[in-house]
Amino acid sequence: MSLGQDLAPHLPFLRRYARALTGNQKHGDTYVRTALEAIVAAPHEFPRDVDVRLGLYRTFQRIWRSTNADPDRADEEAGNDAANVADARLARITPRSRQALLLTQLEGFTPEDGAYLMETSADEVESLVAEAIGEIERQTRADVLIIEDEPIIAMDLETIVRDLGHNVTGVAVTRDEAVTQARAHRPGLVLADIQLADDSSGIDAVKDILAEFQVPVIFITAFPERLLTGERPEPTFLITKPFQRSTVKAAISQALFFDATTVPA
């Protein structure tokens, strides 16, 4: 197969990483596109001595590291409360800590793989992850609405949310129930499954909620590639079923990291 064919299955997940890192679909996808353009321009420079996914993320990491700031984003978001909140938190949490957290906890790379991607040691990656988790958990708390129709999964999510120090406002199993609960107690974060009990859609429930007020959302799905195409408005934060507890924690931390309404702990 060609290099393009080899890379294609991994692109949705690179988009997930880039969006979580930037807190924005548009800017995350722009970084991914820039990395792909670099590969197309110099295919002979693509790492061939490692797994193709590692090579892809390594290329992305180098693009990210070489871009200290995004001038377009700075102009576009000047005066934006969410951007100001993120900037303040970035001043306390080094970008490398956030990268290590997402690479290992969200993307599932080992500390050794993370070391290769970040061009450091595995011990340093583990130290950076611990630093990021500790700082973010001390930094934010929120009221969380869970939209999930499978009782065991809902209970697991509720436990994870509470372990992080957040409050669960309710667990909804249908679209209508989710909207009703959101109106009754406005959440600071929504965790939403895609397919709900009455064949309604978690996506539609979230659209209804977002039509009334803004709130960060994390989607949970067994088919993430369907929502990570880069071709339409899509989720910024998304985790895959079956999920690891550490993955959910990392996603929650990042979603709240970029939210202006999060209350400092």
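Residues numbered from 1 in each chain as written. Predicted model: local features only at pLDDT ≥ 70, side-chain atom pairs only at ≥ 80, totals over all residues. Heavy atoms only, no water.

**With respect to the overall build of the protein**
Stage number 1. In terms of helices and strands, the protein carries 13 helices and five strands.
Stage number 2. For the protein, the proportion of its 265 residues judged to be buried stands at 52%.
Stage number 3. Sequence-distant contacts in the protein: of pairs separated by 6 or more residues, those separated by 24 or more amount to 73%.
Stage number 4. As displayed, the protein offers around 12300 Å² of accessible surface, 51% of which is attributable to carbon and sulfur atoms. (Helix = DSSP H or I, 4+ residues; strand = E, 2+ residues; numbered from the N terminus. Buried < 20%, exposed > 50% of the residue type's maximum accessible area, 1.4 Å probe, protein only. Contact = heavy atoms within 4.5 Å. Areas by Shrake-Rupley, 256 points an atom, 1.4 Å probe, with all protein chains shown as cover.)

**Considering the sheet that holds strand S4 (residues 217–221)**
As a general point, the strands of a sheet are linked pairwise by backbone hydrogen bonds and lie either parallel or antiparallel.
Stage number 1. Taken in spatial order, the five strands of this open sheet run S2-S1-S3-S4-S5, and their pairing is parallel. Edge strands, defined here as strands with exactly one partner in the open sheet, are strand S2 (167–172) and strand S5 (237–240). Strand-to-strand twist in this sheet, taken as the mean axis angle between neighbours without regard to direction, amounts to 20 degrees.
Stage number 2. The pairing of S4 with S5 spans four bridges and is classified as parallel. From the neighbouring strand, isoleucine 220 faces S5, where its bridge partner is isoleucine 239.
Stage number 3. Across the sheet, helix H12 (residues 202–210) is in contact with strand S1 (143–147), strand S3 (189–193) and S4; its angle to S4 comes to roughly 170 degrees. (Pairing = 2+ DSSP bridges. Axes fitted to C-alpha atoms, helices over the stretch in contact; angles between N-to-C directions.)

**A look at the packing of aromatic side chains**
Stage number 1. Counted under the stated rule, the structure contains five aromatic pairs.
Stage number 2. Both rings, one in tyrosine 17 and one in phenylalanine 60, keep their centres 5.5 Å apart while their planes meet at 65 degrees; by these two values the pair is edge-to-face. One end of the pair, tyrosine 17, is in helix H2 (residues 11–22); the other, phenylalanine 60, is in helix H4 (residues 52–66), with 43 residues separating them in the sequence. The residues tyrosine 17 and phenylalanine 60 share a single accessibility class, namely buried.
Stage number 3. Here a set of aromatic residues connected by ring pairs shows up, and it is made of Tyr17, Tyr31, Tyr57, Phe60, Trp64 and Phe109.
Stage number 4. The lysine or arginine in question, arginine 58, covers the ring of tyrosine 116, its NZ or CZ lying 4.2 Å from the ring centre. (Phe/Tyr/Trp six-rings, centres within 6.5 Å; stacked < 30°, edge-to-face > 60°. Lys NZ or Arg CZ within 6 Å of the ring centre and 35° of its normal.)

**With respect to the pairing of S3**
Stage number 1. Burial analysis of S3 places five of its five residues in the buried class, the great majority of the element.
Stage number 2. Residue alternation in S3 divides its side chains into two sets, Leu189, Leu191 and Asp193 and Val190 and Ala192, and both sets are buried.
Stage number 3. Across four bridges, S1 lies against S3 in parallel orientation. Within S3, the residue paired with valine 144 across the bridge is leucine 189.

**Some details on helix H8 (residues 111–118)**
Stage number 1. Those residues of H8 that sit buried are Gly114, Ala115, Leu117 and Met118. The buried residues of H8 occupy an angular sector of 165 degrees when projected down its axis, which confines them to one face.
Stage number 2. Backbone geometry just after H8 places glutamate 119 at a positive phi near 60 degrees. (Arc of directions from axis to C-beta.)

**Re the pattern of salt bridges**
Stage number 1. Evaluated as defined, the whole model comprises 15 salt bridges.
Stage number 2. One salt bridge in this structure joins glutamate 158 and arginine 162, with 3.0 Å as the shortest N-O distance. You can see glutamate 158 and its partner arginine 162 sitting in helix H10 (residues 151–163), four residues apart, about one turn around the helix.
Stage number 3. Using a relative accessible area of 24% as the deciding quantity, one classes glutamate 158 as partly exposed.
Stage number 4. Glutamate 212 is the salt-bridge partner of arginine 183, the closest N and O atoms lying 2.6 Å from each other. Of this pair, arginine 183 sits in helix H11 (residues 175–184) while glutamate 212 is found in the loop between H12 and S4, placing the two residues 29 residues apart along the sequence. (Salt bridge = Lys/Arg side-chain N within 4 Å of Asp/Glu carboxyl O.)

**Side note on the packing of H10 against helix H13 (residues 245–257)**
Stage number 1. Orientation of H10 relative to H13, taken along the N-to-C sense of each, is 55 degrees, at an axis distance of 10 Å. Between H10 and H13, the interaxial angle falls into the category oblique. By crossing handedness, the relation of H10 to H13 is classed as right-handed. Note on element contacts: H13 touches H10 through Arg245, Val248, Lys249 and Ile252, opposite Asp156, Leu157, Thr159, Ile160, Val161 and Asp163.
Stage number 2. Taken together, the residues of the contact of H10 with H13 sort by class into five nonpolar, one polar and four charged. (Parallel < 35°, antiparallel > 145°, perpendicular 65-115°, else oblique. Left-handed = near helix turned anticlockwise from the far one by under 90°. Nonpolar A, V, L, I, M, F, W, Y, C, P; charged D, E, K, R; others polar.)

**Looking at the nonpolar core**
Stage number 1. In terms of nonpolar packing, the biggest core is built from 58 residues, with Tyr17, Phe60, Leu157, Leu189, Leu191, Ile218 and Ile252 touching the most fellow members.
Stage number 2. Sequence-distant contacts of isoleucine 252, defined by excluding residues within four places in its chain, comprise Val161, Leu164, His166, Leu189, Leu191 and Ile218.
Stage number 3. Core analysis: the second largest hydrophobic core is formed by 20 residues, Val179, Ala192, Phe213 and Leu228 among them. (Core = buried A, V, L, I, M, F, W, Y, C linked by side-chain atoms within 4.5 Å.)

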